[in-house]
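# Reading the structure
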Amino acid sequence: MPFVEIIVIFLSAGTAVVAGLAFLNASSVPTQKMAQPSPQGLHFLFCDLDLEHATEQARKVLSREKAETDWHALRAALTSRFPGLPDADALREMKSLTLQAAAFDDPAILHLDREQEMTRVVIEDDFLTDASAVHEIKSLEAELDTLRLAAIDAPYPIWLADADGYVKWYNTAYAALADIARPKHIAVDQPLFCFEPNDLRDKRTVRVPIKVEQNATTEWYNVTATHAGSDVIYHAIDINAVIQAEIAQRNFVQTLAKTFAHLSIGLAIFDRNGQLALFNPAMVDLTSLPIEFLSGRPSLLSFFDRLRDNRVMPEPKNYGSWRQEISDMIAAATQASYQETWNLDTGHTYRVSGRPHPDGAVAFLIEDITAEISLTRNFRAELELGQSLMDTFEDALAVFSSAGVLTFCNSAYRMMWKMDPDCSFADVTIVDSLKEWQNQTAPDPAWADMRDFVMKVGERAPWEADIKHLSQGPYVVRLAPIASGATVIRFVENIPAARARIHS
């Protein structure tokens with residue numbers, strides 16, 4: 001086995017340094033000995049382009065680089081510090097090389113010695129043991145200066161406190177705030193922001209007020225803590241604009257609440273999350289819901305659930321379908337206007353309206369229309385009573401408004417003239433009625449006078465006229481003014497004239 005292969009085996013077994021030195025001492029070919037390892041520095045031993053042995057710190061240098069071969073990794077790591085380090089082809093033609101570090105303040109020296117396929121690289125450095133430590137420390141110092149500058153000149157207070165809460169370091173913004181807010185007799189190591197450290201244990205931030213002695217005002221900050229060993233770094237962010245916006249919002253809501261407090265219509269506004277944000281006293285009166293419940297900001301479904309429990313909405317036949325109906329109602333109110341009438345078991349009638357509001361909010365209004373419904377029902381009952389009463393008359397009756405529109409007629413009128421005004425979509429006027437009357441009677445100049453009497457404005461005296469119905473004989477038409485400028489026309493059968501006609 002060649003002597004060089006024996007050396008390679010020894011190197012791979014962990015005795016590379018001893019075997020390499022033995023080989024160099026025993027060989028008669030080289031005229032110059034390889035550089036001996038110095039007590040400080042980096043040491044590499046290559047077989048061609050592959051690393052066979054290196055010190056622990058030297059291996060760290062190569063581990064930072066990813067390259068095709070170990071030698072390429074070494075060049076990538078050291079070329080910037082030692083320009084002139086040969087490439088793979090030049091390395092095979094080289095016997096020895098000494099390079100001085102490029103930086104004027106870097107005293108390191110690189111020695112390269114090659115014997116056949118073995119190459120030793122030694123970097124002598126009296127101050128550093130890592131070839132890239134100089135650059136790393138310089139980079140860290142530059143980064144530290146940048147971070148220090150960023151922290152000191154940050155526009156918001158930053159300070160460092162020890163485990164006991166005493167301030168060990170603070171930036172310019174903290175000092176400026178302390179000058180205007182801290183009493184002069186308070187030591188600088190005493191914390192400016194007063195809060196319990198436990199307040200930040202389960203929270204990311206805590207709001208802390210600072211009383212400014214100079215102008216007797218209060219400023220608000222969000223304080224965040226970051227633990228650094230036994231010390232704690234605190235950051236305080238000015239949130240005065242947020243506080244003012246919240247105060248303005250609360251004042252606006254209070255103004256709205258005062259405005260709606262005198263409304264008789266119940267109002268409930270739910271925010272974009274579906275929680276009750278605003279309600280007025282009328283809502284409490286109409287729904288009988290406790291103020292404590294409404295003040296707890298219930299959700300939409302909880303609100304309607306409670307209405308159902310208080311029998312303020314119609315009792316559902318099926319609870320599951322009712323929940324779906326409520327969800328559909330909320331969706332309808334969120335996307336468009338919703339309106340429905342609730343007839344309650346208590347005899348009350350509510351009109352419920354839902355309207356979408358900006359930012360995903362929705363408002364529900366509940367109005368008690370029991371009196372209105374009762375009035376309408378009573379009015380309809382009176383109309384039906386009057387209609388029934390007039391239907392008992394044998395004479396045909398018709399009532400025209402001051403505008404000449406037929407507003408009322410009895411069954412005898414419908415039978416006499418074979419017409420039903422209720423079947424017409426349009427209003428039936430005195431002109432329309434006169435056409436029908438003239439078609440079914442003998443010509444008579446009294447018809448034109450009837451039209452003028454109905455349309456006349458002012459005082460009028462009752463009068464009558466004789467007409468002749470083509471199929472039913474002679475009639476007496478009696479016109480009389482009534483309330484609101486209306487006119488009642490009564491068609492009375494002329495019995496004497498009818499009898500005379502029969503006898504003749």
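Notes on the structure in this doc start here. Since the structure is predicted, the reported quantities are computational estimates derived from the model, not experimental observations.

## Looking at the overall build of the chain
Each helix and strand in the chain was counted, giving 16 helices and 20 strands. By the burial criterion, 38% of the 504 residues in the chain qualify as buried. Considering only residue pairs separated by 6 or more positions, the chain has 39% of its internal contacts joining residues 24 or more positions apart. Entry remark: accessible area of the chain is about 30100 Å², with carbon and sulfur atoms responsible for 55%.

## Side note on the pattern of salt bridges
Considering all chains together, one arrives at 14 salt bridges under this definition. A salt bridge links R92 to D89, with the shortest nitrogen-to-oxygen separation between them at 3.7 Å. With a gap of 3 residues between them, R92 and D89 both fall in helix α4 (residues 88–92), about one helical turn apart. By relative accessible area, which is 38% here, R92 ends up partly exposed. With relative accessibility at 57%, the residue D89 sits in the exposed group. E372 serves as the salt-bridge partner of R351, at 3.6 Å between the closest nitrogen and oxygen. In this pair, R351 sits in strand β14 (residues 349–356) while E372 sits in helix α12 (residues 370–391), placing the two residues 21 residues apart along the sequence. On the accessibility criterion, E372 (42% relative accessible area) is partly exposed. Shared partners join several salt bridges into a network, and the residues in it are D48, D89 and R92.

## With respect to the sheet that holds strand β6 (residues 158–161)
Taking strand neighbours across the sheet as the criterion, the 5 strands line up as β7-β6-β10-β9-β8 in an open arrangement whose pairing is antiparallel. Each having just a single partner strand, β7 (167–170) and β8 (206–212) make up the two edges of the open sheet. Each strand axis lies, on average, 30° off the axis of its neighbour in the sheet, ignoring direction. Alignment of β6 against β7, held across 3 bridges, turns out to be antiparallel. By the bridge assignment, L160 is partnered in β7 with W169. Relative to the sheet, helix α6 (residues 172–181) contacts β6, β7, β8 and β9 (217–228), its axis offset from that of β8 by approximately 50°. Against the sheet, helix α7 (residues 240–260) contacts β8, β9 and β10 (231–238), and its axis sits at roughly 125° relative to β9.

## Side note on helix α14 (residues 430–439)
Of the positions making up α14, those classed as buried are I430, S433, L434 and W437. For α14, the buried positions fall inside an angular range of 100° around the axis, keeping them on one side. Of the residues in α14, the exposed ones pointing more than 90 degrees away from the buried face are K435 and N439. Looking at the buried positions of α14, the neighbouring elements they touch are β16 (396–400), α13 (411–417), α15 (446–455) and β20 (487–493).

## A look at the layout of surface pockets
If you add up the space inside the largest pocket, you get close to 480 Å³. Surrounding the largest pocket, 17 residues form its lining, Q249, V253, I269, D271 and A277 being those nearest its centre. Secondary structure elements with two or more residues in the lining of the largest pocket: α7 and β12 (276–279). Among the elements that line the lining of the largest pocket, the one with the most residues is α7, at 6 residues. When the residues that make up the lining of the largest pocket are grouped by side-chain class, the tally is 8 nonpolar, 3 polar and 6 charged. By volume, the second largest pocket is sized at about 390 Å³. Surrounding the second largest pocket, 19 residues form its lining, G165, F195, P197, V232 and Y234 being those nearest its centre. When residues of the lining of the second largest pocket are traced back to their parent elements, those giving at least two are β6, β9 and β10. Its residues assigned to classes, the lining of the second largest pocket shows 13 nonpolar, 4 polar and 2 charged.

## Examining the sheet that holds β16
Read across the sheet, 5 strands follow the order β17-β16-β20-β19-β18 without closing on themselves; strand pairing throughout is antiparallel. The open sheet is flanked by β17 (406–409) and β18 (463–469), the only strands paired with a single partner. Going across the sheet, the axis of each strand differs from the next one's by a mean of 20°, ignoring polarity. Where β16 lies against β17, 3 bridges are found, and the strand directions are antiparallel. Pairing of F400 across the sheet is with L406, part of β17. Where α15 meets the sheet, it contacts β16, β18, β19 (473–481) and β20, and its direction lies at approximately 140° from that of β18.

## Here we look at the side chain of D231
Within the secondary structure layout, D231 lies in strand β10. With near-sequence residues (within four places) excluded, D231 lies in contact with L160, A161, D162, A163, K168 and T226.

## Comments concerning the pairing of strand β1 (residues 42–47)
Burial runs high along β1: 6 of the 6 residues are buried. The alternating pattern of β1 places L42, F44 and F46 on one face and H43, L45 and C47 on the opposite face, and all of these are buried. Direction of pairing for β1 relative to strand β5 (residues 118–124): antiparallel, over a ladder of 6 bridges. Pairing of F44 across the sheet is with V121, part of β5. Summarising the sheet, β1 and strand β2 (residues 50–54) pair through 4 bridges and their orientation is antiparallel. Paired with F44 across the two strands is A54, which belongs to β2. What sits between the antiparallel neighbours β1 and β2 is a turn of 2 residues, in which D48 has the positive phi angle 60°.

## Some words on the packing of aromatic side chains
Centre distance and the angle of the planes are the two values used to describe a pair of aromatic rings. A complete count under the given rule lists 21 aromatic pairs for this structure. With 6.3 Å between their ring centres and 25° between their planes, F44 and F46 make a pair best called stacked. The buried category is assigned to F44, whose relative accessible area is 1%. Considering the side-chain rings of Y413 and F491, the 6.2 Å spacing of their centres and the 40° angle between planes classify their relative orientation as tilted. On the criterion of sequence distance, the pair formed by Y413 in helix α13 and F491 in strand β20 is long-range, its members being 78 residues apart. The exposure class of Y413 is buried, given its relative accessible area of 0%. The structure contains a cluster of three or more aromatic residues connected by ring pairs, namely W159, Y170, Y174, F193, F195, Y221 and Y234. Positioned above the aromatic ring of F293 is the side chain of R306, whose terminal nitrogen or guanidinium carbon lies 4.6 Å from the ring centre.

Cut-offs applied
Residues numbered from 1 in each chain as written. Predicted model: local features only at pLDDT ≥ 70, side-chain atom pairs only at ≥ 80, totals over all residues. Heavy atoms only, no water. Helix = DSSP H or I, 4+ residues; strand = E, 2+ residues; numbered from the N terminus. Buried < 20%, exposed > 50% of the residue type's maximum accessible area, 1.4 Å probe, protein only. Contact = heavy atoms within 4.5 Å. Areas by Shrake-Rupley, 256 points an atom, 1.4 Å probe, with all protein chains shown as cover. Salt bridge = Lys/Arg side-chain N within 4 Å of Asp/Glu carboxyl O. Pairing = 2+ DSSP bridges. Axes fitted to C-alpha atoms, helices over the stretch in contact; angles between N-to-C directions. Arc of directions from axis to C-beta. 1 Å grid on protein atoms, 1.4 Å probe; cavity = no way out; pocket = protein on both sides within 12 Å on 5 of 7 lines; lining within 4 Å. Points joined across faces, edges and corners; volume = space filled by probe spheres on them. Nonpolar A, V, L, I, M, F, W, Y, C, P; charged D, E, K, R; others polar. Phe/Tyr/Trp six-rings, centres within 6.5 Å; stacked < 30°, edge-to-face > 60°. Lys NZ or Arg CZ within 6 Å of the ring centre and 35° of its normal.

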